[in-house]
Amino acid sequence: MIIKKIAVGNEKEAYIEDRIKTGVNILYSNDNNKGKTVLIQCISYALGYSEIFPNDFNINDYYVYLEVEIDSKIIKILRKRRNIFLIIKEELYTFDNISEYKYFFDKEIYQLPHYIKDDREKICDFSVYYELSFIPQDKRNASNIIHKEGNNKNDFIQMIASIGGYQYIDKIDVDQLDKDIKEKESSLYSLKKRIKIAKQDKNIFSELSSSFDQEKYKNIKEQVKDIQNKISIEKRKRTLEQNRIIKLENLISELKSLNRKINEGYFVCEDCGSTKIIYKKGDVLFETSNPDVRTNILESIRRQISLKKEIIDECNLEIDKLILKNRQLLESIPNDVNNYFLYLQEIKDLEANIKNADKLTQEIRELKNQKRNMGHIDKNKKKEYNSFIDKIIKKMNYFQHLIDPNTKIQYINIFTTASKMFSGSTETEYYFCRTISLLTVLEHDLPIIIDAFRDKGLASFKENNMIEICKKLKNQVILTATLKDEEYSGISKYKKINGINALDFDSVENSKLLNKKFCTEFFKLLKLFGIIISNVKN
């Protein structure tokens, strides 16, 4: 993936950056508030990442345009709030939300990593995927991913394992599993004995094997409940997509009606007499009185309907699988369940002990499930996975020594622990080493984008070494930096470095990156999508 052009704007102000090249690009100034971070965030935002813009910049007021090259194919992306629009080979595609966009992106543009989460195959979220190569200036956290949105560092590790062709194994949990299971089983055994002794005269336990049968039944009951919840989720998802198809089909009918000739006259606005007809999608306006624009919109809506039908088909398949699994579970319920319910009231008399037994039983079951999942992976695969993770960590240490030959930093894992965080320039070095190591091991095609790459007092010799490392990469690199006054003497330090594209933002007025002079060119970019902005005359 190569970034070709970045643009952001509205009817009042805009900015277009088309000086980005392949190789190493450094956007710099001798002061903050020049708009470098806004531009960097616009790249990830257009690609589907969440908004993490500076507090004084409300992205919801703006359109963001991004032009990228993927596999020699130019893709034009436009985003306004949740609405995302693509132009690929002159065809327009529209999406109502990030989920639709991600599904299309995975199938038609660039396959995203897939991994298992909550017993289901999951397409990696953009907020996890782009952290492979995109490091924002704010909210950094070496012990977890930067922008969670329902994910965490385990999702990140599973993602890189998927890209590398390995199955994720939590090394820390594996070491503790057997020990934890034995301790909890010992506690449960003691508790069962106390229950049996306390109620040995009751006939209830002559018919039931108490704890074992309860455990077996409750296990089935919980599985059935979980499956029914999943079925409900899939049905709601299917209904939502079916309703959206109906709305889109109605919209097609309305747009088609604009093609009908009327012998007696034509449509005009009663208030102003204009023949211009507008189609509104969220906050975005399309001029549908233009036949070419209308045709593109119709084709885009049809493609959107096809995409939703695919999603519905996948929902139906998943529902069928879940129903079959549910039926099999119900057929496996033991015959003595009815007896269990007959004595349920008496069992409740053991409330305190049974609650504790149930809790222990559930904890043991969860640990055994983890162990069983581990058992599906043979020892060779475990060894391969561990070697894969170790390879990344070794690369991190390798690049750390390239940055600083006298370093005392030694990485032992991809993430730190919450109690052992990096601070100052060591955090900057960590993110750089991790990002470049992942690129080297995984050989992905994403551009390396690091905002404020020399932040927090990074020594000049380390910065120079980092730039030299970037110059040797095959991927595009985009960095931002704020220089000191003395580094601007005569000619800036980056202008003196061969082999990089140094873009000076110092002439930009503070917090005034966007201005009117770019508006005309920005409106032309919007027009590619058939979009018009209110209060702007053509």
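In this text the structure is predicted, and so the values were computed from the model without any measurement.

Student: Explanation requested: the confidence of the model for the chain in the structure shown.
Tutor: Interpretation of this model should avoid reading the predicted coordinates in detail wherever pLDDT is low. Of all residues in the chain, 79% attain a pLDDT of 70 or more, and the chain-wide mean is 80. When mean pLDDT is taken per element in the chain, strand β1 (residues 2-9) scores highest with 94 and helix α6 (residues 204-207) scores lowest with 47. Here residues 341-347 is a poorly scored stretch, pLDDT under 50, and it has 10 contacts once near neighbours within four places are set aside; other chains count.

Student: What exactly am I supposed to notice about the packing of helix α13 (residues 425-442) against helix α14 (residues 460-471) here?
Tutor: Any two packed helices are characterised by how steeply their axes cross, that is the angle between the axes, and by the distance between the axes. At a minimum axis separation of 12 Å, α13 and α14 run at an interaxial angle of 15 degrees. The angle between α13 and α14 places the two elements in the roughly parallel class. For the pair α13 and α14, the crossing hand works out as left-handed. Side by side, α13 and α14 meet where Glu429, Phe432 and Ile436 of the first sit next to Lys462, Met466, Ile469 and Cys470 of the second.

Student: I tried to follow the sheet that holds strand β4 (residues 63-70) on my own but got confused; where do I start?
Tutor: Picture the strands of a sheet paired through backbone hydrogen bonds; they go either parallel or antiparallel. With antiparallel pairing, the 6 strands of this open sheet are ordered in space as β2-β1-β4-β5-β6-β7. Single-partner strands in this sheet number two, and they are β2 (14-17) and β7 (91-95). Within the sheet, the average angular offset between the axes of one strand and its neighbour, ignoring direction, is 15 degrees. Here 6 bridges tie strand β5 (residues 73-80) to strand β6 (residues 83-88), and the two strands are oriented antiparallel to one another. Bridge assignment links Ile75 to a residue of β6, and that residue is Ile88. Of the strands in this sheet, β4, β5, β6 and β7 are in contact with helix α2 (residues 98-109), which crosses β6 at around 20 degrees.

Student: Looking at this structure, how should I read the packing of aromatic side chains?
Tutor: The description of an aromatic ring pair rests on the distance of the ring centres and on the angle between the ring planes. Here the structure, examined in full by the defined rule, presents 20 aromatic pairs. Aromatic pair Tyr28 and Tyr494: ring centres 5.3 Å apart, planes at 65 degrees, arrangement edge-to-face. Placement of the pair is Tyr28 in strand β3 (residues 24-29) and Tyr494 in the loop between β14 (477-482) and β15 (500-504), with a sequence separation of 466 residues. Of the two residues, Tyr28 and Tyr494, both sit in the buried class.

Student: Is there a simple way to explain the nonpolar core in this structure?
Tutor: Looking at soluble globular proteins, one finds that nonpolar side chains tend to be buried together. With 136 residues, the main nonpolar core has Ile77, Leu86, Ile160 and Tyr494 as its most contacted residues. When residues in this core are grouped by element, the largest group, 9 residues, is from α13. The contacts of Tyr494, once residues within four sequence positions are left out, are Ile26, Tyr28, Phe453, Arg454, Glu463, Ile467, Ala481, Leu483, Ile500 and Ala502. Among the nonpolar cores identified, the runner-up in size contains 6 residues, and Val224, Ile227, Ile231 and Leu322 belong to it.

Student: Just checking my understanding: could you explain the environment of Ser44 for this structure?
Tutor: Note on placement: Ser44 falls in helix α1 (residues 36-46). Here Ser44 falls in the buried class, since its relative accessible area comes to 3%. Sequence-wise, Ser44 and Pro136 are 92 residues apart; in three dimensions their C-alpha atoms are separated by 9.5 Å. In this structure, Ser44 is in contact with Tyr49 and Phe134, ignoring residues within four places of it in sequence. A polar side-chain atom of Ser44 sits 3.1 Å from the main-chain carbonyl oxygen of Gln41.

Student: Honestly, the pairing of β7 in this entry has me stumped. Any pointers?
Tutor: As a general feature of sheets, a regular strand has side chains that alternate between the two faces. Summarising burial for β7: 4 of the 5 residues are buried, a large majority. Judged from the 5 bridges that link them, β6 and β7 form a sheet pairing that is antiparallel. Bridge pairing links Ile88 to Glu91 in β7. Joining the antiparallel neighbours β6 and β7 is a turn of 2 residues, in which Lys89 adopts a positive phi near 55 degrees.

Student: Sorry if this is basic, but what is going on with the side chain of Asn10 here?
Tutor: Checked against the element boundaries, Asn10 lands in the loop between β1 and β2. Reaching out from Asn10, the side chain makes a polar contact with the backbone nitrogen of Lys12 at a distance of 2.9 Å. In this structure, Asn10 is in contact with Asp61, Tyr62, Cys519, Phe522, Phe523 and Ile533, ignoring residues within four places of it in sequence.

Student: When you look at the pattern of salt bridges in this model, what are you seeing that I'm missing?
Tutor: Opposite charge on two side chains permits pairing when their charged atoms draw close. Within the structure shown, the criterion is met by 19 salt bridges. We note a salt bridge from Glu69 to Lys4, for which the minimum N-O separation is 3.6 Å. Note that Glu69 is positioned in strand β4 and Lys4 in strand β1, a separation of 65 residues in sequence. One salt bridge connects Glu100 with Arg244, and the closest N-O pair in it is separated by 3.7 Å. Separated by 144 residues along the polypeptide, Glu100 in helix α2 and Arg244 in helix α7 (residues 211-257) bring together distant segments of the chain. The exposure class assigned to Glu100 is buried, which follows from its relative accessible area of 3%. It is possible to trace a salt-bridge network through shared partners that takes in Glu100, Glu241, Arg244 and Lys308.

Reading the values: rules and limits
Residues numbered from 1 in each chain as written. Predicted model: local features only at pLDDT ≥ 70, side-chain atom pairs only at ≥ 80, totals over all residues. Heavy atoms only, no water. pLDDT = per-residue confidence, 0-100. Helix = DSSP H or I, 4+ residues; strand = E, 2+ residues; numbered from the N terminus. Contact = heavy atoms within 4.5 Å. Axes fitted to C-alpha atoms, helices over the stretch in contact; angles between N-to-C directions. Parallel < 35°, antiparallel > 145°, perpendicular 65-115°, else oblique. Left-handed = near helix turned anticlockwise from the far one by under 90°. Pairing = 2+ DSSP bridges. Phe/Tyr/Trp six-rings, centres within 6.5 Å; stacked < 30°, edge-to-face > 60°. Buried < 20%, exposed > 50% of the residue type's maximum accessible area, 1.4 Å probe, protein only. Core = buried A, V, L, I, M, F, W, Y, C linked by side-chain atoms within 4.5 Å. Polar contact = N/O pair within 3.5 Å; in protein donor to acceptor, adjacent residues only side chain to side chain. Salt bridge = Lys/Arg side-chain N within 4 Å of Asp/Glu carboxyl O.

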